[in-house]
Amino acid sequence: MHTQTHWITTQDDQKLCAKTWGNPSHPAMVLVHGYPDNQEVWEPIIEHLQSDFYIVTYDVRGAGQSSIPKRIRDYSLARLSLDLECVVNALLPKQNFHLAAHDWGSIQTWESVTEPKFKGRILSYTTMSGPCLDHAAFWMRDQFKHEKSKFFKQLVKSWYIVAFQLPILAPTVWHFFSPERWGMVLNQLEKTKGLPLNQNITADGEHGIGLYRANFIPRLTRPRQRFAQCPVQAVVLKRDNFVSPELIDEMPKWADDFERVEVDANHWAVLSRPQEIAEYIKTFAQKKSV
């Protein structure tokens, strides 16, 4: 695949490694990865998208080749939204774009999707396995009041969020994961052999814990009303071990133009079902371009 590497300086002087793929004359599509991944996780999907879109990916701060912030607060959602803005202003100046994201990529880009300043510039948004934390907080409160079984089901799936608040233990655990060992975990979760390996998994896992520490407690305890400024498609992974599909039920309250599709897959469908996921992203984006 033809690609070009770019280095983007953020407003707080972090360095983000970004890549562009395909023909710049095509409609623009930005893909944002989750945790503990880096932008390479999108490459199987890019193969199916770059003939129709000019693709932009980047390693979020603390991941891949991007720089690693020293302070936990430098991973805040507000800062991550500014990072996306820096990337698109540098690589897609004055250009509208489609957006798709997975896991923490989705959680952080909801911050931009619900920012009025992005209204009209983000043409469509496909979200996978990453709810807006504010929406999730409202959903959890509602379930606790009316349907406690769903509340506790998601709580059990979210055990790792509590574990990631532990300052020494959580980062240390990632030193036990080689790329091959992590690959075995993914192969088992996805029931698919030979998935691409993340050669940077130890560092990506260790440093990305800052995402959880900077954002979960503030957002879940003080949720804000955040309304989508663009059409939203939720790709719901029915066997997701980490994000309950029921969380998606909250999204239509916050997005006027909302669609959902369901995939019989686990959390890393971006790796195990790339052609299918790419088709959902492509179809929704092209429909919203008309």
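Residues numbered from 1 in each chain as written. Predicted model: local features only at pLDDT ≥ 70, side-chain atom pairs only at ≥ 80, totals over all residues. Heavy atoms only, no water.

**Student:** Got a minute to help me understand the side chain of His 135 in this structure?
**Tutor:** Positionally, His 135 belongs in helix α4 (residues 133–146). Excluding residues within four positions of it along the chain, His 135 makes contact with Trp 110, Arg 226, Glu 250 and Trp 254. (Helix = DSSP H or I, 4+ residues; strand = E, 2+ residues; numbered from the N terminus. Contact = heavy atoms within 4.5 Å.)

**Student:** I tried to follow the pattern of salt bridges on my own but got confused; where do I start?
**Tutor:** What the rule picks out here adds up to 19 salt bridges. Arg 71 serves as the salt-bridge partner of Asp 74, at 3.0 Å between the closest nitrogen and oxygen. In this structure, Arg 224 engages Asp 134 in a salt bridge whose closest nitrogen and oxygen atoms are separated by 2.8 Å. You can see Arg 224 sitting in the loop between α9 (201–221) and β7 (232–237) and its partner Asp 134 sitting in helix α4, a full 90 residues away along the chain. Beyond isolated ion pairs, a larger network of salt bridges with shared partners links Glu 111, Glu 115, Asp 134, Arg 219, Arg 224 and Arg 226. (Salt bridge = Lys/Arg side-chain N within 4 Å of Asp/Glu carboxyl O.)

**Student:** What am I meant to see in the packing of aromatic side chains here?
**Tutor:** Aromatic rings considered in pairs are described by the distance between their centres and by the relative angle of their planes. Taken as a whole and assessed by the stated rule, the structure comprises 13 aromatic pairs. With 5.4 Å between their ring centres and 75° between their planes, Trp 104 and Tyr 212 make a pair best called edge-to-face. Remark: Tyr 212 occurs in helix α9 and Trp 104 occurs in helix α3 (residues 104–113); sequence separation between them is 108 residues. For the pair shown, Trp 104 and Tyr 212 are each scored as buried. A centroid spacing of 5.5 Å and a plane angle of 90° characterise the contact between Phe 177 and Trp 182, whose relative ring orientation is edge-to-face. The two residues Phe 177 and Trp 182 agree in class, both being buried. One aromatic cluster is present, formed by Tyr 35, Trp 104, Trp 174, Phe 177, Trp 182, Tyr 212, Phe 216, Phe 242 and Trp 268 through successive ring pairs. (Phe/Tyr/Trp six-rings, centres within 6.5 Å; stacked < 30°, edge-to-face > 60°. Buried < 20%, exposed > 50% of the residue type's maximum accessible area, 1.4 Å probe, protein only.)

**Student:** What is the right way to read the pairing of strand β2 (residues 15–21) from this model?
**Tutor:** As a general feature of sheets, a regular strand has side chains that alternate between the two faces. β2 sits mainly inside the fold: 6 of its 7 residues count as buried. Alignment of strand β1 (residues 3–9) against β2, held across 7 bridges, turns out to be antiparallel. Within β2, the position partnered with Thr 3 by the bridge is Trp 21. Linkage of β1 to β2, two consecutive antiparallel strands, is achieved through a turn of 5 residues, within which Asp 13 is found at a positive phi near 70°. Pairing geometry for β2 and strand β4 (residues 54–58), over 4 bridges, is antiparallel. Looking across to β4, one finds that Trp 21 is bridged to Ile 55. (Pairing = 2+ DSSP bridges.)

**Student:** What should I look at first to understand the packing of helix α2 (residues 77–91) against α3 in this one?
**Tutor:** Geometrically, a packed helix pair is captured by the angle between its two axes and the distance between the axes. The interhelical angle for the contact between α2 and α3, taken along N-to-C directions, is 85°, at an axis separation of 8 Å. As judged from the angle between their axes, α2 and α3 are roughly perpendicular. Of the residues in α3, those touching α2 at Leu 77, Ala 78, Leu 80, Ser 81 and Leu 84 are Trp 104, Ile 107, Gln 108, Thr 109, Glu 111 and Ser 112. Here the contact of α2 with α3 is composed, by residue class, of 6 nonpolar, 4 polar and 1 charged. (Axes fitted to C-alpha atoms, helices over the stretch in contact; angles between N-to-C directions. Parallel < 35°, antiparallel > 145°, perpendicular 65-115°, else oblique. Nonpolar A, V, L, I, M, F, W, Y, C, P; charged D, E, K, R; others polar.)

**Student:** What exactly am I supposed to notice about the side chain of Glu 111 here?
**Tutor:** Secondary-structure assignment places Glu 111 in helix α3. With a relative accessible area of 6%, Glu 111 lands in the buried category. Every residue in contact with Glu 111, bar those within four places of it in the chain, is listed here: Leu 77, Ala 78, Ser 81, Arg 224 and Arg 226.

**Student:** Could you clarify how one ought to interpret the nonpolar core in this entry?
**Tutor:** The nonpolar side chains of a soluble globular protein tend to be buried, and buried together. By size, the foremost hydrophobic cluster in this structure holds 50 residues, and its most contacted members are Trp 42 and Trp 104. In terms of residue count, α9 provides more of this core than any other element does, 6 residues in total. When neighbours within four sequence positions are excluded, Trp 42 is seen to be in contact with Leu 31, Val 32, His 33, Thr 57, Ala 100, Ala 101, His 102, Met 128, Val 270 and Ile 281. Counting 35 residues, the second-largest nonpolar core is a separate cluster that includes Cys 86, Leu 91, Val 113 and Phe 258. (Core = buried A, V, L, I, M, F, W, Y, C linked by side-chain atoms within 4.5 Å.)

**Student:** What should I look at first to understand the environment of Gly 62 in this one?
**Tutor:** Relative to the helices and strands, Gly 62 is located in the loop between β4 and α2. For the pair Gly 62 and Gly 208, spaced 146 residues apart in sequence, the C-alpha separation works out to 5.9 Å. Among all residues touching Gly 62, those that are not within four sequence positions of it are Ser 67, Ile 68, Pro 69, Tyr 75, Ala 203, Asp 204 and His 207.

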